[in-house]
Amino acid sequence: MIIYKPEVVQINNTARLQAKFEIENKQDLLWFSVPVAYEQYLLQERADSFLVGLLPLAMERGEDIFLKAPVSEKLYYTITTYLMGALCIALPHLNRISIKAEVLMPNPVESANAVGTGFSGGVDSFHTIYEHLHRACPPSFRLTHFTFHNVGSHGDFGGQEARDLFQKRIQLIRPFAEEQHIDIIEVDSNLSEVLKMNYVQTHTLRNVAAVLTMQKLFRYYYYSSGRQFKDFQLKTKVAGSYDLLSLTMLSTESLSFFSSGANYSRVEKTRHIAEYEPTHRYLNVCAGGSSANCSRCEKCLRSMLTLEVQGKLDLYHHVFDLNVYRQEKTKYIAKVLADVKRDAYAEEIYNEMRKHAFPISASSYLLMPYYKVKHGLKRLIMQGK
């Protein structure tokens, strides 16, 4: 794989950082776009974003990378010396490859010293915001910007449907950003269409690639973790399980990434943000579509049950349909009971229920064996694929 020098072009009201790359004698284009007001912060002098974004594709195909553009020396060192080996343990289908760079840049990029985080409206991102805007935090580490990326969370393989969902979802979170007087930067990309890979396995590389485009803006960036430090492991296909390692290995001389919130469980984060009034109006955890929380998917039910156990659910009547929740609660608690020994989130909720002596109906206990069998069959099917 050959990666060529990036360039910036304007398309409509956006500024696009793009670079050609060549693989198997075929040329393609990878791009990231931001609002034109942020054009000055796009880093076209180095290929950092493109190395990180295309790394999983090259490793999957066993293609060595040749960089025809400068790259940050620290990033080159950490990827080649540490990160690739870790990725091969986590994702055994990947191959160790060679990366050759024409020019290594040891000096930091001059930046505006901004501090950013991705904001989706979920528990993890709200917890990062709460900690870095409204709790004790050194001035240099306080948040100045939010970002919102289209690199796979709206659809693993991209396309117009994912891009439409990206645009709809950002409208849900804009009111909070405006209320806080903090800019939210839209970062669109065709990375998903280029990779055509599973998002859960590659989300850290994808999102970091998007942020690295703006090293002239950011000095620090918080990547909201969905996992705790204690759950760190490499032998897993869930990228979030080893963010503590990968984020360190993806930092540069100019930009440091932090795994934010990884010292807390999801239950603890939920307890913290329940004290933050804006979450009562803006919390959006839904795994479904582009509007309000559906109140029946796994993520919605998990959050609502946790809030009810903590005595905070009624505070969220503006964002959840509590009637739907009451209809689904018995079945969902049965699923939690069935999954306690195999799912970290279920274990956390169950322990919280025991801590608060939360009543569990006989119906939930009666349904538990059904879900144990159902989940067991599902695992067997997945293992056979």
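Our structure is the block above this text.
These lines cover the structure that appears in this document, whether it is placed above or below.

Across its full length, the protein chain carries 13 helices and 13 strands. For the protein chain, the C-alpha radius of gyration of 21 Å lies close to 21 Å, the compact-globule estimate for 385 residues. Expressed as lengths along the three principal axes of its C-alpha atoms, the size of the protein chain is roughly 65 × 50 × 35 Å. Here the protein chain holds 385 residues, and 55% of them are scored as buried.

A word on helix H4 (residues 160-179). Helix length check: H4 (20 residues) gives 30 Å between terminal C-alpha atoms against 28 Å at 1.5 Å per residue, within 8%. Where H4 bends most, at Ile173, the angle is about 35 degrees, and the proline Pro175 comes one to four residues later. Within H4, the full set of buried residues consists of Ala162, Arg163, Leu165, Phe166, Arg169, Ile170, Ile173, Phe176 and Ala177. On its buried side, H4 packs onto strand E4 (26-35), helix H3 (123-134), strand E10 (145-150), strand E11 (183-189), helix H5 (191-195) and helix H9 (279-282). Downstream of H4 by a residue or two, His181 has a phi angle that is positive, lying close to 60 degrees.

The next subject is the pairing of strand E9 (residues 114-118). Extensive coverage of E9 is indicated by the burial of four of its five residues. Where E9 and strand E12 (residues 218-224) come together, four bridges link them in parallel fashion. Considered in E12, the bridge of Ala114 is made with Phe218. Relative to E10, E9 runs parallel, the two sharing three bridges. Note that in E10 the partner of Gly118 across the bridge is Thr147. Regarding the hand of the β-α-β motif, the stretch spanning E9, H3 and E10 is right-handed.

Moving on: the pairing of E11. Within E11, five of the seven residues are buried, leaving the element largely enclosed by the surrounding structure. With two bridges connecting them, E4 and E11 associate as antiparallel partners. Of the residues in E11, the one forming a bridge with Ser33 is Asp188. In the sheet, E10 pairs with E11 via six bridges, with the strands oriented parallel. In the strand pairing of E11, Phe148 is matched with Glu186. With H4 bridging E10 and its parallel neighbour E11, the resulting β-α-β unit is right-handed.

The rules we used
- Residues numbered from 1 in each chain as written.
- Predicted model: local features only at pLDDT ≥ 70, side-chain atom pairs only at ≥ 80, totals over all residues.
- Heavy atoms only, no water.
- Helix = DSSP H or I, 4+ residues; strand = E, 2+ residues; numbered from the N terminus.
- Rg over C-alpha atoms; globule rule 2.2 N^0.38 Å.
- Buried < 20%, exposed > 50% of the residue type's maximum accessible area, 1.4 Å probe, protein only.
- Expected span 1.5 Å × (residues − 1).
- Bend = angle between axes of the 7 residues up to and from the residue.
- Contact = heavy atoms within 4.5 Å.
- Pairing = 2+ DSSP bridges.
- Right-handed = clockwise from strand over helix to strand, strands pointing away.

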